[in-house]
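What follows is each chain in one-letter form.
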Amino acid sequence: RMFIKDKKYYYNILKRVNIDLTTANPEVFEQTKIRFETPWTTISYRAYGTTSLWWLIYLSNPGAVKNPLELIPGGTPLKVIKPAYLRNILDEIDQELSPNV
């Protein structure tokens, strides 16, 4: 859903995008273990060179942390989409979110 706050448009993608890990190809992911309490944005930057894809890592790890505003506890194992697959997955998400014309 899109909403406006402080004259800026926001889209709550977390309610719209679902990554089904039961059918996802395990080859697409790499496992990592968080050593210290870390923000999602830092994991995103380390994996992809940008902080803006934190939500993709969050959605790939249901149950790791319930609130995406919380830090990831040290010792938490995470699945991260490999950079080689990233563009295809983002394109698929974009197609799903785009209105049908």
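See the structure shown above.
Residues numbered from 1 in each chain as written. Predicted model: local features only at pLDDT ≥ 70, side-chain atom pairs only at ≥ 80, totals over all residues. Heavy atoms only, no water.

### Quick notes on the overall build of the protein chain
Each helix and strand counted, the protein chain has 3 helices and 4 strands in total. Shown N-terminal to C-terminal, the secondary structure of the protein chain runs as helices and strands in the order β-β-β-α-α-β-α. The buried share among the 101 residues of the protein chain stands at 30%. Sequence-distant contacts in the protein chain: of pairs separated by 6 or more residues, those separated by 24 or more amount to 66%. (Helix = DSSP H or I, 4+ residues; strand = E, 2+ residues; numbered from the N terminus. Buried < 20%, exposed > 50% of the residue type's maximum accessible area, 1.4 Å probe, protein only. Contact = heavy atoms within 4.5 Å.)

### Side note on helix α1 (residues 40-48)
Every buried residue belonging to α1 is among Trp40, Ile43, Ser44 and Tyr48, and all of these are buried. Each buried residue of α1 lies within a common arc of 100° when the element is viewed along its axis, so the set occupies one face. Exposed and facing more than 90 degrees away from the buried side of α1 are Tyr45 and Arg46. Among the residues trailing α1, Gly49 stands out with phi positive, at a value near 80°. (Arc of directions from axis to C-beta.)

### Regarding the pattern of salt bridges
One pass over the structure, following the stated rule, counts 2 salt bridges. Residue Lys82 pairs with Glu27 through a salt bridge whose shortest N-O separation is 3.3 Å. Taken together, the positions of Lys82 in the loop between β4 (77-81) and α3 (83-97) and Glu27 in the loop between β2 (8-11) and β3 (29-33) put the pair 55 residues apart, joining distant regions of the chain. Overall, the relative accessible area of 22% leaves Lys82 in the partly exposed class. (Salt bridge = Lys/Arg side-chain N within 4 Å of Asp/Glu carboxyl O.)

### Considerations on the side chain of Ser44
Within the element layout of this structure, Ser44 appears in helix α1. Looking at Ser44, its side chain comes within polar contact range of the main-chain oxygen of Thr50, at 2.5 Å. (Polar contact = N/O pair within 3.5 Å; in protein donor to acceptor, adjacent residues only side chain to side chain.)

### Focus: the packing of aromatic side chains
A full pass over the atoms with the stated rule returns 2 aromatic pairs. Seen in terms of ring centroids, Trp40 and Tyr58 are 5.3 Å apart; in terms of plane orientation they differ by 85°. Their pairing is edge-to-face. One end of the pair, Trp40, is in helix α1; the other, Tyr58, is in helix α2 (residues 54-59), and 18 residues separate them in sequence. The class for Trp40 is buried, based on a relative accessible area of 2%. Taking relative accessible area as the criterion, Tyr58 reaches 14% and is therefore assigned buried. Ring geometry for Trp54 and Tyr58: centres 6.4 Å apart, planes at 55°, overall tilted. (Phe/Tyr/Trp six-rings, centres within 6.5 Å; stacked < 30°, edge-to-face > 60°.)

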